[in-house]
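Architecture and fold: a report
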Amino acid sequence: MRIAGSGARARLLTALCFAFACATPGFAWRTLAQHETPHWDYAEHGPATWGALSPEFVACAEGHSQSPIDIRDVRTTEEPSVRTNFRPASLRIVHNLGAADLINTGHSIQVNFPQGDALTIGGEVYSLVQFHFHGPSEHTVRGRRFPMEMHLVHMSAERKLAVIAVLIEQGKPNKAFDPICSNLPAKRGVEDHLEHVPIDVELIMPRDRSAYRYDGSLTTPPCTEGVKWIVLRQPAHISATQIRAFRKVLWKNNRPVQPLNGRAVLADVMQAEDE
Ligand SMILES: [Zn+2]
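These numbers were taken from a predicted model, which means no experiment stands behind them.

Generally speaking, nonpolar side chains in soluble globular proteins are found buried as a group. Counting 33 residues, the largest nonpolar core has Phe 131, Phe 133, Met 150, Phe 177, Ile 180 and Phe 246 as its most contacted members. Residues within four places of Phe 177 in sequence aside, it is in contact with Phe 133, Met 150, Ile 168, Ile 204, Ile 238 and Gln 242.

The reference angle at a metal is 109.5 degrees if four donors form a tetrahedron and 90 or 180 degrees if six donors form an octahedron. Taken together, His 132 (NE2), His 134 (NE2) and His 151 (ND1) make up the protein donors of the zinc ion, found 2.0 to 2.1 Å from the metal. For the zinc ion, the single-chain donor residues occur in sequence as H-x1-H-x16-H. Of this pair, His 132 sits in strand β7 (residues 124-134) while His 151 sits in strand β9 (residues 148-156); the two residues are 19 residues apart in sequence, bridging distant segments of the chain. For the pair His 132 and His 151, a shared accessibility class is recorded, and that class is buried.

Here we come to the pairing of strand β13 (residues 225-232). One ladder, built from four bridges, connects strand β10 (residues 161-170) with β13; its direction is parallel. Residue pairing for β13: Val 163 is matched across the bridge by Trp 229. The pairing of strand β12 (residues 210-217) with β13 spans seven bridges and is classified as antiparallel. Bridged to Gly 216 within β13 is Val 227.

Before going further, it helps to examine the state of the cysteines. With the rule as written, the count across this model stands at one disulfide. Across the disulfide from Cys 60 sits Cys 223; the S-S distance is 2.0 Å. Note on the Cys 60 and Cys 223 pair: the S-S dihedral is about 95 degrees, so by sign convention the disulfide is right-handed. Of this pair, Cys 60 sits in helix α4 (residues 58-62) while Cys 223 is found in the loop between β12 and β13, placing the two residues 163 residues apart along the sequence. Since its relative accessible area comes to 0%, Cys 223 is described here as buried.

Further remarks concern the pattern of salt bridges. Considering all chains together, one arrives at four salt bridges under this definition. Notably, a salt bridge pairs Lys 160 with Glu 124, separated by 3.2 Å at the nearest N-O pair. Of this pair, Lys 160 sits in the loop between β9 and β10 while Glu 124 is found in strand β7, placing the two residues 36 residues apart along the sequence.

Here we take up the side chain of His 132. On the basis of relative accessibility, which here comes to 0%, the residue His 132 falls in the buried class. Polar contacts involving the side chain of His 132 include one to the side chain of His 134, which spans 3.3 Å.

In this structure, the amide linkage connecting Ser 67 to the following residue, Pro 68, adopts the cis form with an omega of 0 degrees. Checked against the element boundaries, Pro 68 lands in the loop between α4 and β1 (70-71). Pro 136 follows Gly 135 through a cis peptide bond whose omega is -5 degrees. If you trace the backbone, Pro 136 turns up in the loop between β7 and β8 (140-141). Of note in the backbone geometry, Cys 223 takes a positive phi value of approximately 55 degrees without being a glycine.

Another point: the environment of Glu 225. Locating Glu 225 in the fold gives a position in strand β13. Relative accessible area serves as the criterion here: at 32%, Glu 225 is assigned to the partly exposed category. Residues Glu 225 and Cys 60 lie 165 residues apart in sequence; the distance between their C-alpha atoms is 9.4 Å. Glu 225 has contacts with Gly 63, His 64, Ser 65, Gln 66, Gly 216 and Ser 217, leaving out every residue within four places of it along the chain. Only 3.1 Å separates the side chain of Glu 225 from the backbone nitrogen of His 64, close enough to count as a polar contact. Here Gln 66 takes part through its side chain, which lies 2.8 Å from a polar atom of the side chain of Glu 225.

Scoring rules and cut-offs
Residues numbered from 1 in each chain as written. Predicted model: local features only at pLDDT ≥ 70, side-chain atom pairs only at ≥ 80, totals over all residues. Heavy atoms only, no water. Core = buried A, V, L, I, M, F, W, Y, C linked by side-chain atoms within 4.5 Å. Buried < 20%, exposed > 50% of the residue type's maximum accessible area, 1.4 Å probe, protein only. Contact = heavy atoms within 4.5 Å. Donors = N, O, S within 2.8 Å, 3.2 Å for Na, K, Ca; no water. Helix = DSSP H or I, 4+ residues; strand = E, 2+ residues; numbered from the N terminus. Pairing = 2+ DSSP bridges. Disulfide = S-S within 2.5 Å. Salt bridge = Lys/Arg side-chain N within 4 Å of Asp/Glu carboxyl O. Polar contact = N/O pair within 3.5 Å; in protein donor to acceptor, adjacent residues only side chain to side chain.

Quick look at the structure:
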């Protein structure tokens, strides 16, 4: 897998991408062996076993701020006890048409952005480094699961992570997803790497940027905590045909929801840069 960047940033990206690349059943362990990352999957070595597979994965079993979650009891940002952690209406996002690298590993569909678009949370700027898909959704809303979920992974200069999650619902065909759908591999196990696929992230994301926010973790080993989650309230819509295209190569790579353990889930509004 080709990773943009250099030095420490590249190493973190590499770790991230390995985590996401094997996010489907049947991922070939041999492709990771050289990196000495323990094999994990969603079947025999599934989520219930992750924490025991490696000392590096201990957070998967023992963490107290894990993702995904069922979004149920939501507080508003006027809540004084949480104001110090989350500044209301402080999210800004700048996503433009970009020439991205679309990587079809046959196990996961991942789009890498060598020079990231920006997400700002409370004055801190995060750059979009990649997005990828889960099917069905990992987050649920009052117990409801969606057909798919897209994760837009952002990283700050201090290498802190923020992920925008977009729930995906079945609906009308969505042209913004065509560059991805038309480049999906024909079946699992087919590897492909397309450079400079024009993808307009702004169009992929729902227009309404109201969001649920909470502090969580990576949803794949090593389940690292300290990840800012921004789950958009409005789902994106793609057609049944587009969902079927994803399911051929990507299915059942969703971690079960994790205990909230007293964490606050906040309702917030994310502003597009042009608003
Ligand atoms: Zn993900």
